[in-house]
Amino acid sequence: MQISDSSIHTKIQEWLSPVFDTQTQEEISKLQQHNPEALKESFYKDLEFGTGGMRGIMGVGTNRINKYTLGKSTQGLSNYLHKQFYGEQPKAVIAFDCRNNSDTLAQLVADVFSANGVKVYLFSSLRPTPELSYAVKKLGCHCGIVLTASHNPPEYNGYKVYWQDGGQLVPPQDAEIIAEINSLNYSDIKFEANTDLIQKIDKEIDVPFIENSVKKGSFIATQEAKDNTTIVFTSLHGTSITAVPETLEKAGYKNVHIVKEQEIPDGNFPTVKSPNPEEPEALAMAMKLANEVNADIVIGTDPDCDRLGVAVRNTNGKLQLLNGNQTMVVMTWFLLKHYKEKGLKGNEFIASTIVSTPMMKNLAETYGVEYKEVLTGFKWIAKLIKDFPEKHFIGGGEESFGFMVGDFVRDKDAVTSTLLACEIVAYTKSQGSSFYQELLELYTNHGFYKESLVSLVKKGIKGAEEIKQTMIDLRNNPPKYLNDEKIVLIEDYQTSIAKNIQDHTEQVIDIPKSNVLIFYTESGSKIAARPSGTEPKIKFYISVQETLNTVTDFDKVHQQLDSKIDAIKKDLQLT
């Protein structure tokens, strides 16, 4: 990636003009004197909308989250709203998480919207992302914004945009809005608020949101089963503390132990290296407390409360951390079981993503419901609900610890999903089984799938070039064998072509284009490569499978799958 120093210099000079405030100019001057490389990183590109909106490090520059990059995006979105809904009063709802500056950035976004004649509903304090999705529809808004960087490190923040259906931006609106933003100059931003158009909200959304979460997530376990269930919960210093404890209480769960050290929202996340429930270290304090109180389940949510990490007791009574695929298949099974008992109507479907476990498709086939597969990101699952109004969405998720129950929220939702996980634990325990035991039974009935994720962090200009080159190399020189097995199919979502290596035929992939490659081996192993849309990473998703005849064979087959994964990682030079 050749970055022109002159183009960077031009951008910097623009930011030193009177259009930008004194504080911004002073910060740039400091970087010029003391850290020119950091200055270059701040201006070498513009922040882009990825799978989760716009996310980046806070600071000055076009490649940073600040009042001007967010202001320009909000100005462009305001212009688009007026064009798209001509003659209407555009309405937007704004939420923010626990991150440093999220509250002030949310107010800034509200100010710009109001300066452009957009009616704004602004949450009075931090709220979970799924509540923002719910609020868009509840308030009849044209769009919604949440200020969050999800599970990224403390120096990050972000800006997620939601549309009328409560789902994140998808085509064609995303490209049209980006074009509108790119057509603007920073001098076009209107910062002077019209306070008459800004309305604070809280309980009028909180109450129905939690009521709906209870209705969707708690429906089988008896009160006695709930009383016999002990839960440990940690918000990891995030927004879930505003909704999850109350939701569990209203659903009838009384034995809930909260990790006090992580209860207070804090954008510095002082007790963890990363507030990411995918990482075992993030749940260490919760696991310790769970062993002290003999909890049945441990749940931790990320800062904006759209993803959850789960640990349950295994067959030996030890707490076992689950990955996102494992949690997803058990939750999906439980919902399918409930729907089948009530009577399926024939229009139901579940959904997941192209990099998640193939086991989801097997579950759908067994229960006679439709399975739909989309690109990474819950915006694509939400789009399915909008595109197929005649069908009924039961639930679905993705490997990155996100799950959505029904369609009252149109994004991954750790509030309702936390309750659902507790419901499964309570119900299965009352039946002489367990969450973990049911997972093993699913492996025997639907195939034993095991997944592994390798994320390679590649920061800055150099890292972006390395990620780009890795994908080019994989396309130009794809592996012929992995784990001594022939590659039989290559799916390239950038070209929308699936190549059958054995008979040399090609098929068109009927999914929007994306920079993803997936390789399949002759035994059914699946390996996907994908640059992250929200972080400076390239990710490799590995899925292997074997038949599990009986639960007693679990340990032996588990070791075989581990060996397969290790061999694939070695062949791809990921170890």
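Described below are features of the structure shown in this document. Remember, it's a predicted structure, so these values are computed and weren't measured experimentally. (Residues numbered from 1 in each chain as written. Predicted model: local features only at pLDDT ≥ 70, side-chain atom pairs only at ≥ 80, totals over all residues. Heavy atoms only, no water.)

**Things to note about the environment of alanine 282**
Using the following cut-off: Here a strand is any run of E in DSSP of at least two residues, a helix any run of H or I of at least four, and the numbering for each starts at the N terminus. Contacts are assigned to residue pairs that have any heavy atoms within 4.5 Å of one another.
Its location among the elements puts alanine 282 in the loop between strand S9 (256–258) and helix H11 (284–293). When the C-alpha atoms of alanine 282 and threonine 234 are compared, they prove to be 9.5 Å apart, with 48 residues separating the residues in sequence. Apart from residues no more than four positions distant in its own chain, alanine 282 is found in contact with Leu236, Gln262, Val272, Ser274 and Asn276.

**What about the pattern of salt bridges?**
Oppositely charged side chains may form a pair once their charged atoms are brought near each other. Convention followed: The working definition used for a salt bridge is a side-chain nitrogen of Lys or Arg within 4 Å of a carboxyl oxygen of Asp or Glu. For every residue, the accessible area obtained with a 1.4 Å probe (protein chains only) is divided by the maximum for its type, and the residue is called buried under 20%, exposed over 50%, and partly exposed between those limits.
A complete count under the given rule lists 25 salt bridges for this structure. Two residues, lysine 40 and aspartate 5, come together in a salt bridge whose shortest N-O distance is 3.7 Å. You can see lysine 40 sitting in helix H3 (residues 36–43) and its partner aspartate 5 sitting in helix H1 (residues 5–15), a full 35 residues away along the chain. On the basis of relative accessible area, lysine 40 is assigned to the partly exposed category, the value being 26%. As a salt-bridge pair, aspartate 296 and lysine 429 come within 3.1 Å of each other at their nearest N and O atoms. Placement of aspartate 296 in the loop between H11 and strand S10 (297–301) and of lysine 429 in helix H15 (residues 414–430) is noted, with a sequence separation of 133 residues between them. When salt bridges with common partners are traced through the structure, they connect Lys160, Asp304, Asp306 and Lys412 into a single cluster.

**A word on the packing of helix H4 (residues 67–84) against helix H5 (residues 102–115)**
We apply this condition: Working convention: axes come from line fits to C-alpha atoms, limited for helices to the stretch in contact. Angles between N-to-C directions cover 0 to 180 degrees. By convention the crossing between two helices is left-handed if the near helix lies anticlockwise of the far one by an angle smaller than a right angle, and right-handed if it lies clockwise. Any residue outside Ala, Val, Leu, Ile, Met, Phe, Trp, Tyr, Cys, Pro, Asp, Glu, Lys and Arg is labelled polar, Gly included; the first ten of those are nonpolar and the last four are charged.
Two elements in contact, H4 and H5, have axes whose closest approach is 9 Å; the angle formed by their N-to-C orientations is 35 degrees. The element H4 and its partner H5 pack so that their crossing is right-handed. Contacts between H4 and H5 involve Lys67, Leu70, Gly71, Thr74, Gln75, Leu77, Ser78 and Leu81 from the former and Leu105, Leu108, Val109, Val112 and Phe113 from the latter. Across the contact of H4 with H5, the residue classes break down as 8 nonpolar, 4 polar and 1 charged.

**Focus: unusual backbone geometry**
For the bond running from proline 171 to proline 172, omega is 0 degrees, close enough to zero to count as cis. In this structure, proline 172 sits in the loop between strand S6 (156–163) and helix H7 (173–182). Phi at histidine 237 takes a positive value of approximately 70 degrees, unusual for a residue other than glycine. By secondary structure assignment, the location of histidine 237 is in the loop between strand S8 (231–234) and helix H10 (244–250). With phi around 60 degrees, serine 496 is a residue other than glycine that occupies positive phi space. Here serine 496 lies in the loop between strand S19 (485–492) and strand S20 (497–500). Accessibility expressed as a relative area gives 9% for serine 496, which makes it buried.

**Let's talk about the nonpolar core**
The line we're drawing: Residues grouped as a nonpolar core are buried Ala, Val, Leu, Ile, Met, Phe, Trp, Tyr and Cys residues, joined through side-chain atoms within 4.5 Å.
Counting residues in hydrophobic clusters, the biggest one holds 98 residues, and the most contacted among them are Val93, Tyr253 and Ile297. Counting residues per element, this core draws most heavily on H15, at 10 residues. Aside from chain neighbours lying at most four places away, what touches tyrosine 253 is Ala221, Lys226, Thr229, Ile231, Leu248, Leu419, Cys422, Glu423 and Ala426. In terms of nonpolar packing, the next biggest core, distinct from the first, is built from 36 residues, Leu77, Ile94, Leu122 and Ile181 among them.

**Quick notes on the state of the cysteines**
What counts is decided by this rule: Whenever a pair of cysteine sulfur atoms sits within 2.5 Å, that pair is classed as a disulfide.
Applying the stated criterion across every chain yields a total of 0 disulfides. Lacking any disulfide linkage, cysteine 98 is separated from the closest cysteine sulfur, that of cysteine 305, by 11 Å. The cysteine cysteine 422 is free of any disulfide, with cysteine 305 supplying the nearest cysteine sulfur at 12 Å.

**With respect to the pairing of strand S22 (residues 517–521)**
For clarity, the threshold we go by: Criterion used throughout: strands pair if DSSP finds at least two bridges between them.
Within S22, 5 of the 5 residues are buried, which leaves it mostly tucked inside the rest of the structure. Burial along S22 is two-sided: Leu517, Phe519 and Thr521 and Ile518 and Tyr520, pointing in opposite directions, are all buried. Across 5 bridges, the pairing between S19 and S22 is antiparallel. When the sheet's bridge partners are listed, isoleucine 487 is paired in S22 with threonine 521.

**Overview of the sheet that holds strand S16 (residues 402–405)**
Taken together, the 4 strands give an open sheet; going across it, the order is S14-S13-S15-S16, and neighbouring strands pair in mixed fashion. Of all strands in the sheet, those bounded by a partner on one side alone are strand S14 (370–374) and S16. On average, each strand axis in the sheet is tilted by 20 degrees relative to the strand beside it, whichever way the strands run. By the bridge criterion, 4 bridges tie strand S15 (residues 392–398) to S16 in an arrangement that is antiparallel. Residue pairing across strands places glycine 395 opposite valine 405, the latter belonging to S16. Seen against the sheet, helix H12 (residues 324–342) touches strand S13 (348–353), S15 and S16 and runs at an angle of roughly 165 degrees to S15.

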